[in-house]
Amino acid sequence: KQEVTQIPAALSVPEGENLVLNCSFTDSAIYNLQWFRQDPGKGLTSLLLIQSSQREQTSGRLNASLDKSSGRSTLYIAASQPGDSATYLCAINAGGTSYGKLTFGQGTILTVHP
Amino acid sequence: ETGVTQSPTHLIKTRGQQVTLRCSSQSGHNTVSWYQQALGQGPQFIFQYYREEENGRGNFPPRFSGLQFPNYSSELNVNALELDDSALYLCASSLGRGPGYEQYFGPGTRLTVT
């Protein structure tokens, strides 16, 4: 059974800092991994999707890496801004018979203060 | 293009009652997945519907049931509500049921059971 863990559970940083969010998973047989952002009480916004054959994806100030062999992914946020404050979730799609089922971590709550 | 929409936004029910939540998928999407997100947790997969058929189910009891209609909109029904059913219910739609199809999430329905 795939288990996804995110560390840290919460993070508070001053504006302008570069930061790293971590996601680990127990089963390396994944199809893809996705990072989402969730604002309080809202739905999920997809940030980056990494296929199992890829090592990283970049979008603006965001960079996500994937190391399947070690069961880890990191989300790097450069030059953080108060508007980045949200919960960040990583999710695994195992593919195969699980089809579109996403298995989520519990999230990292990020606060960026001015 | 209209995104994924869900109704209602908020709902308060009493233990033992029944509830129906609705989801309209994004235009052209034939697959809908439902997730339950308890406070402070990551979303948990409930089930997925593809072309009006259930395509996979998570670890939820039979009192959680669903439907998908010919226009690919979907309903989630929960019978005999329990206090632990209080959560944010998210639906996501995709162009297909395979793991290669990205899921797009709606804003969610907040259910409170008293």
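Please read all numbers here as calculations on a predicted model, not as lab measurements.

Cut-offs used in this document
- Residues numbered from 1 in each chain as written.
- Chains lettered and ligands numbered in written order.
- Predicted model: local features only at pLDDT ≥ 70, side-chain atom pairs only at ≥ 80, totals over all residues.
- Heavy atoms only, no water.
- Helix = DSSP H or I, 4+ residues; strand = E, 2+ residues; numbered from the N terminus.
- Polar contact = N/O pair within 3.5 Å; in protein donor to acceptor, adjacent residues only side chain to side chain.
- Contact = heavy atoms within 4.5 Å.
- Core = buried A, V, L, I, M, F, W, Y, C linked by side-chain atoms within 4.5 Å.
- Buried < 20%, exposed > 50% of the residue type's maximum accessible area, 1.4 Å probe, protein only.
- Salt bridge = Lys/Arg side-chain N within 4 Å of Asp/Glu carboxyl O.
- Pairing = 2+ DSSP bridges.
- Axes fitted to C-alpha atoms, helices over the stretch in contact; angles between N-to-C directions.

Caption draft 1: Spotlight on the side chain of Q6 of chain B. All names here are of chain B. Mapped onto the elements of the fold, Q6 is located in strand β1 (residues 5-7). Engagement of the side chain of Q6 in a polar contact is seen with the backbone oxygen of Y89, the distance being 3.0 Å. Side-chain polar atoms of Q6 contact the backbone nitrogen of C91, separated by 3.1 Å. Contact partners of Q6, with chain neighbours within four places excluded, come to R22, C23, W34, Y89, L90, C91, G106, P107, G108 and T109.

Caption draft 2: The arrangement of the nonpolar core in detail. Counting 23 residues, the largest nonpolar core has F25, L33, W35, L75, I77, Y88 and L110 of chain A as its most contacted members. Of all the secondary structure elements, the ones that give two or more residues to this core are β3 (19-25), β4 (32-38), β5 (44-51), β7 (62-67), β8 (72-77), β9 (86-93) and β11 (108-113) of chain A. Other than its neighbours up to four places away in sequence, L33 of chain A contacts C23, F25, L48, L49, I50, L66, S73, A91 and I92 of chain A. Core analysis: the next-biggest nonpolar cluster, separate from the first, contains 20 residues, V4, F60, V78 and V113 of chain B among them.

Caption draft 3: Spatial organisation of the environment of K101 of chain A. In this structure, K101 of chain A sits in the loop between β9 and β10 (102-104). A relative accessible area of 33% places K101 of chain A in the partly exposed class. With 10 residues separating them along the chain, K101 of chain A and A91 of chain A place their C-alpha atoms 9.5 Å apart. When near neighbours in sequence (up to four residues on either side) are disregarded, K101 of chain A contacts I92, N93 and A94 of chain A together with Y35, F45 and Q103 of chain B.

Caption draft 4: Just the pattern of salt bridges, in detail. Counted according to the given criterion, the structure contains six salt bridges over all chains. Measuring nitrogen to oxygen at the nearest pair gives 2.8 Å for the salt bridge that ties R61 of chain A to D84 of chain A. In this pair, R61 of chain A is assigned in the loop between β6 (56-59) and β7 and D84 of chain A in the loop between β8 and β9, connecting sequence segments 23 residues apart. Its relative accessible area of 30% is what places R61 of chain A among the partly exposed residues. Looking at D84 of chain A, the relative accessible area reads 7%, which means it is buried. A salt bridge links R63 of chain B to E82 of chain B; the nearest nitrogen and oxygen atoms lie 3.3 Å apart. One end of the pair, R63 of chain B, is in the loop between β6 (53-57) and β7 (64-68); the other, E82 of chain B, is in the loop between β8 (74-78) and β9 (87-94), and 19 residues separate them in sequence. Of the residues examined, R63 of chain B reaches a relative accessible area of 17% and is grouped as buried. A cluster of three or more residues bridged by salt bridges with shared partners is formed by R63, E82 and D85 of chain B.

Caption draft 5: Local environment of the sheet that holds β8 of chain B. All names here are of chain B. Read across the open sheet, the four strands follow the order β1-β3-β8-β7; overall the sheet is antiparallel. With partners counted over all chains shown, the strands left at the sheet margins are β1 and β7, one partner each. Across this sheet, the average inter-strand angle for adjacent strands is 20 degrees, counted without regard to direction. Taken together, the three bridges between β1 and strand β3 (residues 19-24) define a ladder with antiparallel strand orientation. Residue Q6 lies in a different strand from β3, and its bridge partner there is C23.

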